[in-house]
Amino acid sequence: MDTFFLPHATMGKMDSNPIMEFLRSWKDVVRVPKPKSILIVSAHWDTCDPTVSVFPYVHETTYESEDSTKSHLAKFKYPAPGAPQLGMRVKELLMECGFETVHEDSSRGLDHGAWFPLMLMYPEADIPVCEISIQSSKDGNHHYNMGKALAPLRAEGVLIIGSGGTINYAPPYIPPLHAPVLSWAIEFNTWLKDSLLSGRHEDVIEFEKLAPHAKMAHPRPDHIYPLIVAFASAGKGAKAQLIHHSWQRGFLCFDSYRFSDNVETSF
């Protein structure tokens, strides 16, 4: 099973844009075999130590529906089954690879890092979903090792998705939808794309030191760490493929990547 890095957004009035249309076409365009379960590495679950969801029921509510500051997202539902057995398997793999502390969470609902892409990719909501947290207080190597530990899941029918963004910039004001892309954002995103497509994973792990405009693109590393987990979990010989590219508002980049042992072409 290939691994993926996908962006997420907060659904607003627009119900159609390039990234949403791409995700809706997932089954026809990407053609991934239907997984037994899905593991989401979400930028919106940030903890001191790795934490896995062992929620045992159908996700009737979302994480945002329990947070009064995110009431605009509370209306969205994605009633997929929880995947507690996958959560325990994830914990087992991490601890076998030297992660001394891995917590379990049996109550947290899916956040929009999970339900935004999945409600478009798999609207039937019939595949069990588990989330694992990132640790923004730790570095890229920590997340690379996390991904390596999760690699055996690919042979067990688990679809591993890192959910974040290649750029996570908060502008002082919201630009128009079709505003020109900011020059620094193009430079950072091009550097990241070239690094991934040429297999320079070590550079991506050290992006804060090596990438142009790294602190502009990622004031905090939470949205790029799921990318590192995704390519690390694909295995040492895996290649990257850019499977979607689009921009909005001059700074929102929705680049999506596939990590596979058999990549034919890339944008």
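Anything mentioned here points back to the structure above.
Every value quoted in this text rests on a predicted model; they were computed, and no experiment measured them.

Undergrad: Help me out: how do you make sense of the overall build of the chain in this one?
TA: Looking only at helices and strands, one finds 10 helices and 10 strands in the chain. By the burial criterion, 56% of the 267 residues in the chain qualify as buried.

Undergrad: In this structure, what is going on with the side chain of N17? I would like to understand it.
TA: Relative to the elements of secondary structure, N17 occurs in the loop between β1 (3–7) and α1 (18–24). Given a relative accessible area of 12%, N17 falls into the buried group. Here M20 takes part through its backbone nitrogen, which lies 3.0 Å from a polar atom of the side chain of N17.

Undergrad: Honestly, the pattern of salt bridges in this entry has me stumped. Any pointers?
TA: Two side chains bearing opposite charge may form a pair once their charged atoms approach each other closely. All chains considered together, the criterion is met by 14 salt bridges. Between R24 and E21 there is a salt bridge, with the nearest N and O atoms lying 2.9 Å from each other. Of the two residues, R24 and E21 both sit in helix α1, 3 residues apart, roughly one turn of that helix. For R24, a relative accessible area of 39% corresponds to the partly exposed category. According to the relative accessible area criterion, E21 is partly exposed, its value standing at 38%. In this structure, K27 engages E124 in a salt bridge whose closest nitrogen and oxygen atoms are separated by 2.7 Å. With K27 in helix α2 (residues 26–29) and E124 in the loop between α4 (112–121) and β5 (129–134), this residue pair connects regions lying 97 residues apart in the sequence. E124 sits in the partly exposed class, given a relative accessible area of 46%. Members of the salt-bridge network, linked through shared partners, are D46, R220 and D222.

Undergrad: What is the right way to look at the pairing of strand β6 (residues 158–164) in this model?
TA: The side chains of a regular strand alternate between the sheet's two faces. Across the 7 residues that make up β6, a large majority, 7, are buried. Along β6, one buried face is formed by V158, I160, G162 and G164 and the opposite face, lined by L159, I161 and S163, is buried too. Where β1 lies against β6, 4 bridges are found, and the strand directions are parallel. Paired with F4 across the bridge in β6 is I161.

Undergrad: Looking at this structure, I do not really get the packing of helix α3 (residues 84–96) against helix α5 (residues 140–150). What am I missing?
TA: Between two packed helices, the angle of one axis relative to the other and the distance separating the axes together describe the packing. In the contact formed by α3 and α5, the axes pass within 9 Å of each other and the chain directions differ by 115 degrees. Between α3 and α5 lies a crossing of right-handed hand. Listed contacts from α5 to V90, L93 and L94 of α3 are M146, A149 and L150. Grouping the constituent residues of the contact of α3 with α5 by class yields 6 nonpolar, no polar and no charged.

Undergrad: Just to check I follow, could you spell out α3 for this structure?
TA: Since one α-helical turn is 3.6 residues long, residues separated by three or four positions face the same way. The terminal C-alpha atoms of α3, which comprises 13 residues, lie 18 Å apart, in line with the 18 Å expected from a rise of 1.5 Å per residue. Tucked into the core, α3 has its buried residues touching β2 (37–46), β3 (51–53), β4 (103–105), β5, α5 and β6. Once α3 finishes, G98 follows within two positions and takes phi at roughly 100 degrees, a positive value.

Undergrad: Which parts of the structure should I look at to understand α5?
TA: All buried positions along α5 are accounted for by G140, H142, H143, M146, G147, A149 and L150. Buried-residue contacts for α5 involve β2, α3, β5, β6, α7 (201–205) and α10 (225–233). Near the N-terminus of α5, the side chain that reaches the backbone nitrogen of N141, with its oxygen 3.3 Å away, is that of D139.

Undergrad: Help me out: how do you make sense of the pairing of β2 in this one?
TA: Across the 10 residues of β2, 8 count as buried, placing the element largely inside the fold. Pairing between β2 and β6: 6 bridges, direction parallel. Bridge pairing links L39 to I160 in β6. Here β2 pairs with β5 via 5 bridges, running parallel. Considered in β5, the bridge of V41 is made with I132.

Scoring rules and cut-offs
Starting from 1, residues in each chain are numbered consecutively following that chain's sequence as written. This being a predicted model, a pLDDT of at least 70 is required before a residue's local features are given, and a value of 80 or more before pairs of side-chain atoms are given or counted; all residues contribute to the totals for chains, interfaces and linings. Note that the side-chain values use all heavy atoms of the structure and ignore hydrogens as well as water. Helix and strand definitions follow DSSP, with helices as H or I runs of at least four residues and strands as E runs of at least two, each counted in order from the N terminus. The rule is simple: take the accessible area with a 1.4 Å probe, protein chains only, and divide by the maximum for that residue type; under 20% is buried, over 50% is exposed, in between is partly exposed. Each polar contact in these results corresponds to two N or O atoms within 3.5 Å; when the atoms are within protein, one needs to be able to donate a hydrogen and the other to accept it, and residues that are neighboring in sequence are counted only if both atoms are side-chain atoms. For salt bridges, the criterion is a side-chain nitrogen of Lys or Arg within 4 Å of an Asp or Glu carboxyl oxygen. Strand pairing follows a simple DSSP-based rule, namely that at least 2 bridges must link the two strands. Between N-to-C directions, angles cover 0 to 180 degrees, with each direction set by a line fitted to C-alpha atoms, over the stretch in contact for helices. Crossings are classed by handedness, with left-handed meaning an anticlockwise turn of the near helix from the far one by less than a right angle and right-handed meaning a clockwise turn. Whether two residues are in contact is decided by their heavy atoms: any pair within 4.5 Å suffices. All amino acids are sorted into three groups, where Ala, Val, Leu, Ile, Met, Phe, Trp, Tyr, Cys and Pro are nonpolar, Asp, Glu, Lys and Arg are charged, and the leftover types, Gly among them, are polar. By this rule the span expected of a helix is its residue count minus one, scaled by 1.5 Å.

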